[in-house]
Protein chains: 2
Amino acid sequence: MTQEIDREKRDFMRASALAGGGLLLSGPVVLFAANGQPGTIRSRGYAAVDTSGKLVPWTFERRPVGDDDILIDIKYASICHSDIHQMRGHWGPQQYPQVPGHEIVGVVTAVGKNVTKFKVGDRAGVGCMVDSCLDCEHCEIDQEQYCPETTFTYGYPMASSPTGISQGGYSNNIVVRDHFAVHIPETISLQEAAPLLCAGITTYSPLMRADVGKGTKVGVAGIGGLGHMAIKLAVSRGAEVHAFTTSPSKVDDIRGFGVEHVTVVDDPKALAAHAGTLDYMISTIPVQYDVAAYASVVRPYGAFTQVGMPERFELTINSIALSIARVNFNVSLIGGMKETQEVVDYCASNGVLPEIQLIKAGQINDAWDKVVNKQARYRYVIDAATF
Amino acid sequence: MTQEIDREKRDFMRASALAGGGLLLSGPVVLFAANGQPGTIRSRGYAAVDTSGKLVPWTFERRPVGDDDILIDIKYASICHSDIHQMRGHWGPQQYPQVPGHEIVGVVTAVGKNVTKFKVGDRAGVGCMVDSCLDCEHCEIDQEQYCPETTFTYGYPMASSPTGISQGGYSNNIVVRDHFAVHIPETISLQEAAPLLCAGITTYSPLMRADVGKGTKVGVAGIGGLGHMAIKLAVSRGAEVHAFTTSPSKVDDIRGFGVEHVTVVDDPKALAAHAGTLDYMISTIPVQYDVAAYASVVRPYGAFTQVGMPERFELTINSIALSIARVNFNVSLIGGMKETQEVVDYCASNGVLPEIQLIKAGQINDAWDKVVNKQARYRYVIDAATF
């Protein structure tokens, strides 16, 4: 019998006291919660408990594996600046405890009865979303991230979750609807695949929409986790990449990524020398900054895409400066599931790999400070065996 | 002998004591300033003297009519929200006294010796610019408004001006380089032509760039001086226009302009009902507002053009909301001189006329209050004979 998230069935199952009868299991999984609710999955992770953003070890329950769900034994989860913003309340009040993490990879250890996309033992990844309606105009064109009912991977109301909200990937397992997991090819290591689930797709999607490639001059502003992936993706497409960083210490790395043109932006005036020279720019800067000064580096009537999300999601733009730049400003939010599979496959096939630093769970808080202080080089990946 | 702005020549001319020898004059003009500087033009106008923005009568000097200049006897000048913003210091500190006004029409009363574009007696208009380099990449493609050396019509440093800054059109005359004046066809009244010099060109330029016409659904947000011109222009092009106003009292007027779809935005939520329905939107709202809420009315990957300029030129955009809208946001600044002539000719030929209210100089301060309070219907035009 399959575990269901529906309350009536849950009650029935409680009475039946069945443990994973309809599930294909690869190994021992705690299928009963401490409170005795049948089928819930016990998970160990690191959670924020208040806006301090300091994470602490936490054991919690995930929903039972439903007919359309898979259970993933998480191997690695990487750290995104978004994790920090959301846990610290920069994007609005949060429910705590909350487990962040939306760059998640592991191995499938159970599948629901309707699942054909995955089988036990498959390598799988989960990104920023874990559910949507799959029926609206956005879902129909594979842009589930814009569905009004999208459940993002952590902190979103989720009736099926024993904690009431979605809980992310800084943990040892996750239950997710199969549609919202992607396959991780054997040609890429799991730890290198993890950052593709957010940093990869978030930069890949707008770069592909902008059709960057041979003959295009592409700017990348903010060279952290997302920025260094934007560089590597654009370079791999044959574009002439121009990087803009506030960290002189990153210049050599950036050249190593295949970028000839690196500008250290110690002052917005440093951008003026490049006014109107690029075809397109993507900015990963996740804080308030002088958008128009960066946009002015793009040629008139070119486009500038923001992917970094600042505090309160507020970006203040100087209207007169943007008018002089004559640049189209837009904001892109991750990418759909089809495109997420695409970027993982693309990176695996083309050797477009993030620069990672493997850490243990106990190092997360220190790593967060380093992300904020621009010391990450360039993505911290947590070994989930240490949760 | 022609009057020159160059100091050496000015000194020579002072010695020569010639009064307008090389100028073709249509009538008596005060060619000597009170301080005895030869050739300067005495002008009567209304000036702001501090950030209160209260205007007072003021007599001042304009530069002598140079070889490439024309002297215009101003007949009408209309009131733009920009006048108020700038005089009140909303866009930065100002030099006072300063005469606002950049919607200026009148009759040419003198031309410099190099001028072939105009002759004495011609009807002429001046908009937001009075000079630029005419040599840079922007000027070469008729976008003088983006030239780094553009002198805007009031409050800009101008070495040739006896007051040190450009002085605008709330006055009885103006001296301007011929390139920065346009012809006013006989088929339009001077008072109806005045608002075209800013409100007309500022909306015409982006509407033409967006290629609005039959088959396009165009939104106009903020139905004041600029907004009502945007409506009339888009309607005249055959577009299906959707108007968004915060003033229920304007609804009937707007329908009278040929708009079937009028939404009163008493709350940004009123916009949600129209999400993703339009091809393009232009916003004339000259204050901080919820840009992304309006932009979300445009279909994904459509464009949204801001032309209203808020205080400090600051527009705060919600990045997540703009990402969900997937709309290209841009800002457009007036238009070039060639296009300014084009909009005046277009409006004259097609009967696209602003709604105007004729006022006397003494009513300016009251009119400004009404503009701020959204009571203008829709452009105040000052009778320059009353200065």
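Residues numbered from 1 in each chain as written. Chains lettered and ligands numbered in written order. Predicted model: local features only at pLDDT ≥ 70, side-chain atom pairs only at ≥ 80, totals over all residues.

> Any chance you could explain the overall build of chain A here in plain terms?
The secondary structure content of chain A amounts to 12 helices and 18 strands. Taken over the C-alpha atoms alone, chain A extends approximately 70 × 40 × 35 Å along its principal axes. The buried share of chain A, taken over its 387 residues, is 57%. The long-range fraction of contacts in chain A, counting pairs at least 24 apart against all pairs at least 6 apart in sequence, stands at 69%. (Helix = DSSP H or I, 4+ residues; strand = E, 2+ residues; numbered from the N terminus. Buried ≥ 20, exposed ≤ 12 C-beta atoms within 10 Å, placed from the backbone. Contact = placed C-beta atoms within 7 Å.)

> Which parts of the structure should I look at to understand the relation of the copies chain A and chain B?
Two chain copies here: they are related by a rotation about an axis and a translation along the same axis. After a rotation of 180° and a shift along the axis of 0.0 Å, chain A superposes on chain B with an RMSD of 0.0 Å. Taken together, the rotation and translation describe the operation of a two-fold axis. Rotation axis and chain A: the residue whose C-alpha lies nearest the axis is T316 of chain A, separated from it by 2.0 Å. A share of 100% of the interface residues of chain A reappears at the interface of chain B, consistent with the copies meeting face to face through the same patch. (Least-squares fit on C-alpha atoms with pLDDT ≥ 70 in both.)

> Help me understand the packing of helix α5 (residues 199-209) of chain B against helix α11 (residues 337-350) of chain B in this model?
Axes are the key here: two packed helices are described by the angle between their axes and the distance separating the axes. All names here are of chain B. As a packed pair, α5 and α11 sit with axes 9 Å apart at the nearest point and diverge in direction by 100°. Classified by the interaxial angle, the pair formed by α5 and α11 is roughly perpendicular. Between α5 and α11, the residues in contact are G200, I201, Y204 and S205 and E339, T340, V343 and C347, respectively. Partitioned by chemical class, the residues of the contact of α5 with α11 number four nonpolar, three polar and one charged. (Axes fitted to C-alpha atoms, helices over the stretch in contact; angles between N-to-C directions. Parallel < 35°, antiparallel > 145°, perpendicular 65-115°, else oblique. Nonpolar A, V, L, I, M, F, W, Y, C, P; charged D, E, K, R; others polar.)

> I'm lost on the pairing of strand β17 (residues 356-359) of chain B in this one. Help?
The two faces of a sheet get side chains in turn, since along a regular strand they alternate between them. Residue and element names in this part refer to chain B. Inspection of the sheet shows β17 paired to strand β18 (residues 379-383) by four bridges, in the parallel sense. In the strand pairing of β18, Q357 is matched with Y380. Since β17 and β18 lie parallel, the crossover through helix α12 (residues 364-372) that links them has a hand, and here it is right-handed. (Pairing = 2+ DSSP bridges. Right-handed = clockwise from strand over helix to strand, strands pointing away.)

> Hey, could you run me through the domain arrangement of chain A in this one?
Residues and elements named next belong to chain A. Domain boundaries assigned for chain A yield domain 1 (7-198 + 336-386) and domain 2 (199-331). With centres defined by C-alpha atoms, the gap from domain 1 to domain 2 works out at 29 Å. When residues in the side of domain 1 that touches domain 2 are grouped by element, the largest group, five residues, is from helix α11 (residues 337-350). Residues belonging to the side of domain 1 that touches domain 2 are distributed by class as follows: 12 nonpolar, seven polar and six charged. (Domains from an automatic or database assignment.)

> Would you take a moment to explain the interface of chain A and chain B for this structure?
By a widespread convention, an interface's size corresponds to the accessible area lost as its parts come together. Between chain A and chain B, the residue contacts involve 24 residues of the former and 24 residues of the latter. Of all the secondary-structure elements, those providing two or more residues to the side of chain A that touches chain B are β14 (298-306), β15 (314-318), α10 (319-325) and β16 (328-331) of chain A. Of the residues in the side of chain A that touches chain B, the class split is 14 nonpolar, eight polar and two charged.

> Hey, could you run me through the pairing of strand β13 (residues 278-283) of chain B in this one?
All names here are of chain B. Of all six residues in β13, five are buried; the element is thus mostly enclosed. Sheet topology places β13 next to strand β14 (residues 298-306); five bridges connect them, and they run parallel. Its bridge partner being in β14, Y280 is matched across the sheet by A303.

> Please clarify how α5 of chain B should be interpreted in this entry.
An α-helical turn contains 3.6 residues, so a residue and the one three or four places further along point in the same direction. Residues and elements named next belong to chain B. Counting buried positions along α5 yields nine of 11 residues, so the element is predominantly enclosed. For α5, the full list of buried residues reads A199, G200, I201, T202, T203, Y204, S205, P206 and L207. For α5, the elements touching its buried residues are α6 (225-236), β13, β14, α11 and β18. Of the residues trailing α5, D211 is marked for its positive phi of about 55°.

> Would you mind going over unusual backbone geometry with me for this structure?
Trans is the common state for peptide bonds, and a negative phi is the common state for residues other than glycine. Look at the link from Y96 of chain A to P97 of chain A: it is a cis peptide, with omega at -10°. Mapped onto the elements of the fold, P97 of chain A is located in the loop between α2 (81-87) and β4 (104-111). Despite not being glycine, L134 of chain A shows a phi value in the positive range, around 60°. For L134 of chain A, the location among the structural elements is in the loop between β6 (129-131) and α3 (137-140). By the C-beta count within 10 Å, which is 16 here, L134 of chain A ends up partly exposed. Positioned with a positive phi, R326 of chain B is a non-glycine residue whose angle comes to about 55°. Topologically, R326 of chain B is positioned in the loop between α10 (319-325) and β16 (328-331).

> Looking at this structure, I do not really get the packing of α5 of chain B against α6 of chain B. What am I missing?
Residues and elements named next belong to chain B. The contact between α5 and α6 brings their axes to 8 Å, and the two run at 50°. Comparing their axes, α6 and α5 come out oblique. Crossing angle aside, the handedness with which α5 passes α6 is right-handed. Contacts between α5 and α6 involve A199, G200, T202, T203, Y204 and L207 from the former and G225, L226, M229, A230, L233 and A234 from the latter. Here the residues of the contact of α5 with α6 are counted per class, giving eight nonpolar, four polar and no charged. (Left-handed = near helix turned anticlockwise from the far one by under 90°.)

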